[in-house]
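Structural characterization, general
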Amino acid sequence: MNKNIRLVVPAELPKVAILDKRVNKTPWNMVQYEECLANKNQQVYVLEIDEVICGFLVVAITFDEVEILQLGIDTKYQGQKLATLLLTEVLAKLDDKILISKVFLEVAANNDSAMALYRKLGFTKISTRRGYYTIDGMKIDAIVMMLKYT
Ligand SMILES: CC(C)(COP(=O)(O)OP(=O)(O)OC[C@H]1O[C@@H](n2cnc3c(N)ncnc32)[C@H](O)[C@@H]1OP(=O)(O)O)[C@@H](O)C(=O)NCCC(=O)NCCS
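For the structure given in this document, a descriptive report is provided here. (Residues numbered from 1 in each chain as written. Predicted model: local features only at pLDDT ≥ 70, side-chain atom pairs only at ≥ 80, totals over all residues.)

1. Here we look at the overall build of the chain
- For the chain, the count of helices and strands is four helices and seven strands.
- Traced from its N-terminal end to its C-terminal end, the chain shows the element sequence β-α-α-β-β-β-α-β-α-β-β.
- At 15 Å, the chain has a C-alpha radius of gyration in line with the 15 Å of a compact globule built from 150 residues.
- With the C-alpha coordinates aligned to their principal axes, the bounding extent of the chain is approximately 40 × 35 × 30 Å.
- Taking all 150 residues of the chain together, the buried fraction comes to 23%. (Helix = DSSP H or I, 4+ residues; strand = E, 2+ residues; numbered from the N terminus. Rg over C-alpha atoms; globule rule 2.2 N^0.38 Å. Buried ≥ 20, exposed ≤ 12 C-beta atoms within 10 Å, placed from the backbone.)

Now the structure itself:
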């Protein structure tokens, strides 16, 4: 199994948006992905296995802080520590350039698997945004989490 983590190329954005829609309850649409690529402070990374895109990670960088905006691993590849690999490798790459101080993210309060992943990586809850997401017609809180990186 040949794994590769790299920046997306623009022609691959539709594939990423389709994968995002398949795995995420709050996916981004193509307009959001295109705006993201046009924003010099945001980056989209993909995880390929044998040249097939099976995961993605979107980050925003503000000075020495990183925010995780979107993350997903294709269903059939979940449970193989690929999200752990993608997050740790991308953060290490960014740390080489900007010396990260903190990493932030928001996760839906009912997304137990993502929350368990982030806790395992050392993230802790710092606040709650009441009713931030609308998922399947229901208002769900966002849990804001932070990792002190240095
Ligand atoms: C959340 C997600 C990215 C995890 O990807 P993954 O590659 O399966 O995660 P990993 O294999 O690296 O898991 C690492 C740890 O996360 C936790 N975890 C991951 N999936 C889990 C699940 N289904 N149930 C409980 N804990 C889970 C576990 O602690 C796991 O460690 P362990 O395997 O030693 O128990 C993936 O399930 C996904 O794409 N979900 C849909 C999209 C999503 O929720 N994105 C995050 C939005 S904030």
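2. Overview of the site of the ligand
- In the neighbourhood of the ligand, 20 residues make up the surrounding shell, with Gln 78, Ala 83, Thr 84, Ser 113 and Leu 117 lying closest.
- Secondary-structure elements contributing two or more residues to the shell around the ligand are strand E4 (65–73), helix H3 (82–98) and helix H4 (112–120).
- Residue contributions to the shell around the ligand peak at six residues, all from H4.
- In terms of residue class, the shell around the ligand is built from nine nonpolar, eight polar and three charged. (Near = placed C-beta within 6 Å. Nonpolar A, V, L, I, M, F, W, Y, C, P; charged D, E, K, R; others polar.)

3. Some thoughts on the nonpolar core
- With 31 residues, the main nonpolar core has Val 16, Val 44, Tyr 45, Phe 56, Leu 57 and Leu 86 as its most contacted residues.
- Those elements that place two or more of their residues in this core are helix H1 (13–23), helix H2 (30–38), strand E2 (42–49), strand E3 (52–62), E4, H3, strand E5 (102–108) and strand E7 (138–148).
- What Val 16 contacts, discounting residues up to four positions off in sequence, is Val 8, Tyr 33, Val 44, Val 46, Ile 53 and Phe 56. (Core = buried A, V, L, I, M, F, W, Y, C linked by C-beta atoms within 7 Å. Contact = placed C-beta atoms within 7 Å.)

4. As for the pairing of strand E1 (residues 3–7)
- E1 sits mainly on the outside: zero of its five residues count as buried.
- Alignment of E1 against E2, held across five bridges, turns out to be antiparallel. Its bridge partner lying in E2, Ile 5 is registered against Leu 47. (Pairing = 2+ DSSP bridges.)

5. What to know about unusual backbone geometry
- One non-glycine residue with positive phi stands out, namely Glu 51, at about 70°.
- Residue position: Glu 51 is located in the loop between E2 and E3.
- Owing to 7 C-beta atoms within 10 Å, Glu 51 belongs among the exposed residues under this scheme.
- Even without being a glycine, Leu 99 presents a positive backbone phi close to 50°.
- Overall, the presence of 11 C-beta atoms within 10 Å leaves Leu 99 in the exposed class.

6. So, the sheet that holds E3
- A sheet is described by the order of its strands in space; here seven strands give the open sequence E1-E2-E3-E4-E5-E7-E6, paired in mixed fashion. Bordering the open sheet on either side are E1 and strand E6 (124–135), each of which pairs with just one other strand. Going across the sheet, the axis of each strand differs from the next one's by a mean of 25°, ignoring polarity.
- Summarising the sheet, E5 and E7 pair through seven bridges and their orientation is antiparallel. Following the sheet pairing, Lys 102 is matched in E7 by Lys 148.
- Here H3 sits on the sheet and contacts E1, E2, E3, E4 and E5; the angle it forms with E3, its principal contact strand, is near 40°.
- Strands in contact with H4 are E5 and E7; relative to E5, the strand with the most contacts, it is inclined by about 160°. (Axes fitted to C-alpha atoms, helices over the stretch in contact; angles between N-to-C directions.)

That is the geometry; function is a separate question.
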